[in-house]
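# Analysis of the macromolecular model
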Amino acid sequence: MAMAGEEKTGGSRSNVLVIGATGRFGQELVKASLAAGHPTYALVREPTFSRADASLLLRSFSSSGVTLLKGSLQDFPSLLEALKQVDVVICAVPSSQVLEQKLLIRAIKQAGCIERFIPSEFGADPDKVQTLEMDHDFYKKKAEIRRCIEKEGIPHTYISCNFFQRYLLPSLIQPGLKTPPTDKVKIFGSGNVKAVFVKESDVAAFTICAIDDTRTLNKVLYLRPSGNVYSQNELTEIWEVKIGKKLEKIHVTEEQLLKSIHETPFPSNIDLFFIYSAFIKGDHTYFSIGSSSLDGSELYPHVRCTTVSECLDMLLERPSI
């Protein structure tokens, strides 16, 4: 949690509402909120309660102390009713639903009781990426939500964690593969541009640390743990040491990668786009963390992150490697 003197007045734990709680990352947010002692609520769509595949998860939530609230981002009255019961809202809906947060923002403004809103971002900073003309509005929509929040004067924190470790890293940045290569590897561009990979449970832990911390109010919180920031050349070298074998390097130039992106239909080219953004343009690390933003590892050094090397160790334990 925030350091002594940094929490909200009184030091009490905020009531936390997680929207998108049944998703993979949403579940991690719920766990982290409970672990930190926050009264935790989950907004769940009514059809989800009758889904067989979700019933076990919802029962687990309830037995852990989570208060389940029926509602959705399309139902304004249900949003208002949920907001009256909490202090903090964390949204973890998929990127396809990002703009649906507009009704939530309207409800937060009307409710007037929310002390912190964490919108659904949890990726590269949409105000820093240099590839907006190529992303089919992926980042533009997130930036649009930021402007709506700021226009309404809603207290907020943006979490910029870049890549989750389960994305691209398990293939060692090899599109089309599900496991790291053992013979040859494609290196995009120079191979020296660094990207960031953070485990979802660690992102959730940092997020929960930030919600009652006055230092993070209306700021961007960047997650760049030292053991999680690597170039593709470095990742390849780490993997070669672990498997005791040198890989054949196939170098893909920026021009070749751009050609593949343009020739591959959307959304099949999305992995190629994110590789271009992170490992060619350097959208995760090309800028320094400035005065309007904060470094999560510096604020919360007690958060123990799963490193990239540890993640690759776990991949080695898979039978197929």
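Here the residue numbers are simple positions, counted from 1 along each chain's written sequence. With pLDDT at 70 or above as the cut-off, local features in this predicted model cover only qualifying residues; side-chain atom pairs require 80 or more to be listed or tallied, and sums for whole chains, interfaces and linings still use all residues. Think of the side-chain values as coming from all heavy atoms in the structure, minus any hydrogens and water.

Per an unreviewed UniProt entry, the protein chain goes by the name NmrA-like family and belongs to Musa troglodytarum.

Turning our attention to the sheet that holds strand β7 (residues 163-164). Here a strand pair is declared whenever DSSP counts at least two bridges between the two strands. Secondary structure follows DSSP: runs of H or I at least 4 residues long count as helices, runs of E at least 2 residues long count as strands, and numbering of each begins at the N terminus. A sheet is described by the order of its strands in space; here three strands give the open sequence β7-β9-β11, paired in mixed fashion. In this open sheet, the two edge strands, each paired with only one partner strand, are β7 and β11 (229-231). Any pair of residues with heavy atoms lying within 4.5 Å of one another is described as a contacting pair. Axis geometry follows a simple rule: fit a line to the C-alpha atoms, using only the stretch in contact for helices, then measure angles between N-to-C directions, giving values from 0 to 180 degrees. Each of β7, β9 (194-198) and β11 is contacted by helix α10 (residues 270-280), which is oriented at about 115° to β9, the strand it contacts most.

Working definition: an aromatic ring pair is given by the centre-to-centre distance plus the angle between the planes. Side-chain rings of Phe, Tyr and Trp, where Trp is taken by its six-membered ring, are said to pair if the distance between their centres is within 6.5 Å; with planes under 30 degrees apart they count as stacked, over 60 as edge-to-face, and otherwise as tilted. What the rule picks out here adds up to 14 aromatic pairs. Ring geometry for Phe138 against Tyr139: centres 4.9 Å apart, planes inclined by 85°, an arrangement best described as edge-to-face. Since its relative accessible area comes to 4%, Tyr139 is described here as buried. Clustering of aromatic rings is evident, with ring pairs tying together Phe138, Tyr139, Phe163, Tyr167, Phe197, Phe273, Phe274 and Phe279. Consider the ring centre and the ring normal. A charge sits over the ring if Lys NZ or Arg CZ is within 6 Å of that centre and within 35 degrees of that normal. When the ring centre of Phe49 is taken as reference, the NZ or CZ atom of Lys70 above it lies at 5.4 Å. A cation over an aromatic ring shows up here: Arg224 above the ring of Tyr222, its NZ or CZ 5.8 Å from the ring centre. Per-residue accessibility, obtained with a 1.4 Å probe over protein chains only, is compared with the maximum for each type, and a residue is labelled buried under 20%, exposed over 50%, and partly exposed between these values.

We now examine the nonpolar core. In this text, buried Ala, Val, Leu, Ile, Met, Phe, Trp, Tyr and Cys residues form a nonpolar core when linked through side-chain atoms within 4.5 Å. Residues Phe25, Ile90, Phe122, Val203, Leu221, Leu223 and Tyr300 are the most contacted members of the largest nonpolar core, which totals 39 residues. Counting only elements with at least two residues in this core, the list comes to β1 (16-19), α1 (24-35), β2 (40-44), α3 (52-64), β4 (88-91), β9 and α7 (200-210). A per-element tally of this core places α7 first, with six residues.

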